[in-house]
Amino acid sequence: MDSILFLILRRLRRPLILIIVSFAIAIIGLTLMPGVDDKGHPWKMSIFDALYVISYTATTIGFGELPYAYSKAQRLWLTFSIYLTVIPWFYAVGKIITLLQDTGLRQAVTMERFANKVRQLQEPFYILCSYGQSSSLLAKALDEKGMRVVIIEPQQERLNELELIDTRNIIPYLCADAILPENLERAGVLHPLCSGVITLTDDDDVNLAVAVAVKLMNPELLVIARAERDDIAANMASFGTDHIINPYTLFGDQLAMRVHALGTYLLHEWLTGVPGDTLPPPENPPKGRWVVCGYGRFGKSVVQNLEREHITTTIIEAMPEMTGCNHCIVGSGTEAKTLLEADITNAVGIVAGTDNDTNNLSIVMTAFELNPKLFVVIRKNRRHNGRLFKQFNADITMQPTEIIAHECLAHMISPMLAQFLSLARSQTNDWANKLISQLVMTMGETVPETWAIRIDKENTPAVIELIKAGLPVTLQHLMKDPANRDRQLELVPILLLRNNTPSLVPDTSTRLKAGDRILFCGSPQTKSTLPAIINNTKTLTYIIDGIEVPNSLVWRWLEKKFKRSTDTTKSI
């Protein structure tokens, strides 16, 4: 606010000085001009009367000669004052109109409004330092999950898209550069409810600058950053960046996961999706020999992960000396001659992984003509080419935006979810398939909600009270409908942490203890129902033993008295 006031005063300094000087001359002169009152006595205006007359004269309102008719001297001076004061006044009005259209002032007002909106947030929120494809998907998913988001984006065109979408909560946004520390501060980096900062721009240097600035300003804040270069990733790690995401490495890992553990891959995609969406069944990549076109960062990751699964590869690279490809066929892959040299007719799959969308489409179309049975993996670099890729309908379209968004969600929704997914990768594919079947039977095929609770007095007072009373409270009790204890909720506990020891998909008969942390997977309706169980002793008691606990003190006293009389009768 101080900067806005300073800017206004600075821009209006000259017209304000002219107005003050002209008004002062006109007022002083008018008080010195002799006049007569209604009785013919000599009379001179007071400073207040002169100020009043000059004010309505300079603003061209014109109330007349007040309080008495003016003398010739007063009229002469007032005529001079009109030209003296009206011109600076109109000059000032013009400057004010120009100031209202000033880009700097409007930007300052916008920033102040944005900062006020952020300061007024009463819920935990995340800061997204861009609104590209990945960040837009991430913002949508977080909004669907009821989590607040603040956005900084330097391109107004992208923010115009944000204004058109329908969101549950109002998303504060600012058209500015997140590299500047003052913009990060306006976005709430130092806000006590800020949960973390996510920077996913296409520029690694920008992501590095943001990550370093946040860690210097608020070292305890969660930072998730995108980095495609190893040196940038190492630099981020040295400043304590919590999670560094490389979309090409992630895709290579996921492609390998599809080959040897399709169930584990599906489980990962399902639990990090947008609630309510239905995930289509993924294609299962075949085993055999693959042709990989392009040996950049994407191609190297794909080759490394395919070979880890004992899948042989033939590499086609246009500039092997720049990519360090020692054993490859030189060419772009867009021509049939190069593909035939790579023996495309006997391959089971092809990866078009260059950094040019047109070349990638040309590669797969040429290869498909030579071998219609190929499993096609294609890389999409530009989002505006989405229709072209959709028209081709490849088996797998590598979209960094979705990969990054899913990985971010795994870390942002709950640290326990990220831990669960890490543990799930080390399990067998059969284990993942059984869990998927259990989730589908419980909640259907839509993406479920995932959330974690801690068994303590603050978060689960009813559970703690009954545990202290000696009643056995199990996971099964938290999974029953509070309205009908014989009905199961759409809920599955998928991880239990006790003394930092994880237990995947724990047995529902497990008795709960203080300090336990549980990761649940369920429908949105169930998520809103669970607090009625863990916070209400009466409800939880009814679920455990079917006893309705009286609400009032009178009914509790009558119940105790009735039990005592019953016990006395039995003893007699």
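Residues numbered from 1 in each chain as written. Predicted model: local features only at pLDDT ≥ 70, side-chain atom pairs only at ≥ 80, totals over all residues. Heavy atoms only, no water.

K.L.:
Please give an account of the sheet that holds strand β10 (residues 313-317) that cites residues and values.
P.N.:
One open sheet accounts for 6 strands, arranged β11-β10-β9-β12-β13-β14; its pairing is parallel. Each edge of the sheet is formed by a strand with only one pairing partner; in this case those strands are β11 (329-330) and β14 (396-398). Summarising the sheet, strand β9 (residues 290-293) and strand β12 (residues 349-352) pair through 4 bridges and their orientation is parallel. Within β12, the position partnered with V291 by the bridge is I350. (Pairing = 2+ DSSP bridges. Helix = DSSP H or I, 4+ residues; strand = E, 2+ residues; numbered from the N terminus.)

K.L.:
Residue-level account of the environment of D102, with values.
P.N.:
Its place among the elements puts D102 in the loop between α4 (72-100) and α5 (103-119). Owing to a relative accessible area of 19%, D102 belongs among the buried residues under this scheme. The sequence separation of D102 and G288 amounts to 186 residues, and the corresponding C-alpha distance is 64 Å. (Buried < 20%, exposed > 50% of the residue type's maximum accessible area, 1.4 Å probe, protein only.)

K.L.:
Any details on the packing of helix α21 (residues 461-468) against helix α24 (residues 537-545)? Residues and values, ideally.
P.N.:
At a minimum axis separation of 9 Å, α21 and α24 run at an interaxial angle of 60°. What the angle tells us is that α21 and α24 run oblique. By crossing handedness, the relation of α21 to α24 is classed as right-handed. On α24, the residues that touch A462, V463, E465 and L466 of α21 are T537, L540, T541 and I544. Within the contact of α21 with α24, the residues separate by chemical class into 5 nonpolar, 2 polar and 1 charged. (Axes fitted to C-alpha atoms, helices over the stretch in contact; angles between N-to-C directions. Parallel < 35°, antiparallel > 145°, perpendicular 65-115°, else oblique. Left-handed = near helix turned anticlockwise from the far one by under 90°. Contact = heavy atoms within 4.5 Å. Nonpolar A, V, L, I, M, F, W, Y, C, P; charged D, E, K, R; others polar.)

K.L.:
How would you summarise the layout of surface pockets if you had to cite specific residues and measurements?
P.N.:
Its boundaries defined by the atoms lining it, the largest pocket holds a volume of some 1,300 Å³. Around the largest pocket, the lining is made up of 48 residues, and of these E228, Y248, R297, R379 and N381 lie nearest the centre. Going through the elements one at a time, α6 (133-144), α13 (297-308), β10, α14 (320-323) and α18 (400-412) are the ones with two or more residues in the lining of the largest pocket. Looking at the lining of the largest pocket residue by residue, the classes come out as 13 nonpolar, 20 polar and 15 charged. (1 Å grid on protein atoms, 1.4 Å probe; cavity = no way out; pocket = protein on both sides within 12 Å on 5 of 7 lines; lining within 4 Å. Points joined across faces, edges and corners; volume = space filled by probe spheres on them.)

K.L.:
Talk me through the state of the cysteines; I want residue IDs and the actual numbers.
P.N.:
For the structure on display, the rule yields 0 disulfides. There is no disulfide at C129, and the cysteine sulfur nearest it, in C194, is 9.3 Å away. In this structure C175 is not part of a disulfide, and its nearest cysteine sulfur, from C129, lies 14 Å away. (Disulfide = S-S within 2.5 Å.)

K.L.:
So what's going on with a positive patch on the surface? Residues and values would help.
P.N.:
A cluster of basic residues, R10, R13, R14 and K95, forms a positive patch on the protein surface. In this structure, R10 sits in helix α1 (residues 2-11). (Patch = residues over 30% accessible without salt bridge, like charges linked within 9 Å, V, L, I, M, F, W, Y side chains within 5 Å. Areas by Shrake-Rupley, 256 points an atom, 1.4 Å probe, with all protein chains shown as cover. Salt bridge = Lys/Arg side-chain N within 4 Å of Asp/Glu carboxyl O. Lys, Arg positive; Asp, Glu negative; His and termini not counted. Charge placed at Lys NZ, Arg CZ, Asp CG, Glu CD.)

K.L.:
Which residues make up unusual backbone geometry, and what values do they have?
P.N.:
Cis peptide bonds are those with omega within 30 degrees of zero, and the linkage from L66 to P67 qualifies with -5°. Secondary-structure assignment places P67 in the loop between α3 (47-58) and α4. One non-glycine residue, H310, lies in positive phi territory at about 65°. Relative to the helices and strands, H310 is located in the loop between α13 and β10. Of the residues examined, H310 reaches a relative accessible area of 75% and is grouped as exposed. Unlike most non-glycine residues, N500 shows phi in positive territory, near 65°.

K.L.:
Describe the pattern of salt bridges, listing the residues and the values that go with them.
P.N.:
Counted by the stated rule, this structure contains 17 salt bridges. Here R229 makes a salt bridge to D231, at a shortest N to O gap of 3.0 Å. Residue R229 is classed as partly exposed on the basis of its relative accessible area of 34%. A salt bridge links R487 to D481; its shortest N-O distance comes to 2.6 Å.

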